[in-house]
Amino acid sequence: MQFYTQEQMVDKHVGVKGTPARNEYDEQVELMLVGEAIRKARQAQSLSQEQLGELVGVQKAQISRLENGKNLTLATIGRLFKALNQSVALDIPSIGRVALC
């Protein structure tokens, strides 16, 4: 039986690093991870999506989309973590480390 690493499977089914399909895949995974970090930070403070939305000034549905990695912008990420009294820094390959709050 042949075993494959996750990287090998992604290379085979999505494409190797540097291809458009792989770049899009990697970006979606990163956005999903940011959304998960938002969810965990919210839950650590025992806030509902609605409560966080009130702190940020958006509807509950928008918080849900953000936690699912949709509609994320640097400004939005900064506002969310500021409302949660959390500092956040992102490593952006083309820019470097960016502290948002």
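Look up a bit, the structure's there.
Residues numbered from 1 in each chain as written. Predicted model: local features only at pLDDT ≥ 70, side-chain atom pairs only at ≥ 80, totals over all residues. Heavy atoms only, no water.

### Concerning unusual backbone geometry
Using the following cut-off: Helix and strand assignments follow DSSP, with helices taken as H or I runs no shorter than four residues and strands as E runs no shorter than two, numbered in order from the N terminus. A simple rule labels every residue: compare its accessible area, found with a 1.4 Å probe on the protein chains alone, to the largest value its type can have, and call it buried under 20%, exposed over 50%, or partly exposed in between.
Even without being glycine, Ser46 reaches a positive phi, approximately 55°. Secondary-structure assignment places Ser46 in the loop between helix 2 (20-44) and helix 3 (49-56). By relative accessible area, which is 65% here, Ser46 ends up exposed. You will see that Asn85, though not glycine, has its phi angle at about 55°, which is positive. Given the relative accessible area of 70%, Asn85 is considered exposed.

### Let's talk about the pattern of salt bridges
What counts here: Here a salt bridge means any side-chain nitrogen of Lys or Arg lying within 4 Å of a carboxyl oxygen belonging to Asp or Glu.
All chains considered together, the criterion is met by six salt bridges. For Arg22, the salt bridge goes to Asp11, with nearest N and O atoms at 2.5 Å. Taken together, the residues span a long stretch of sequence, with Arg22 in helix 2 and Asp11 in helix 1 (residues 6-13) at a distance of eleven residues. With a relative accessible area of 2%, Arg22 lands in the buried category. Classification of Asp11 by relative accessible area gives partly exposed; the value is 28%.

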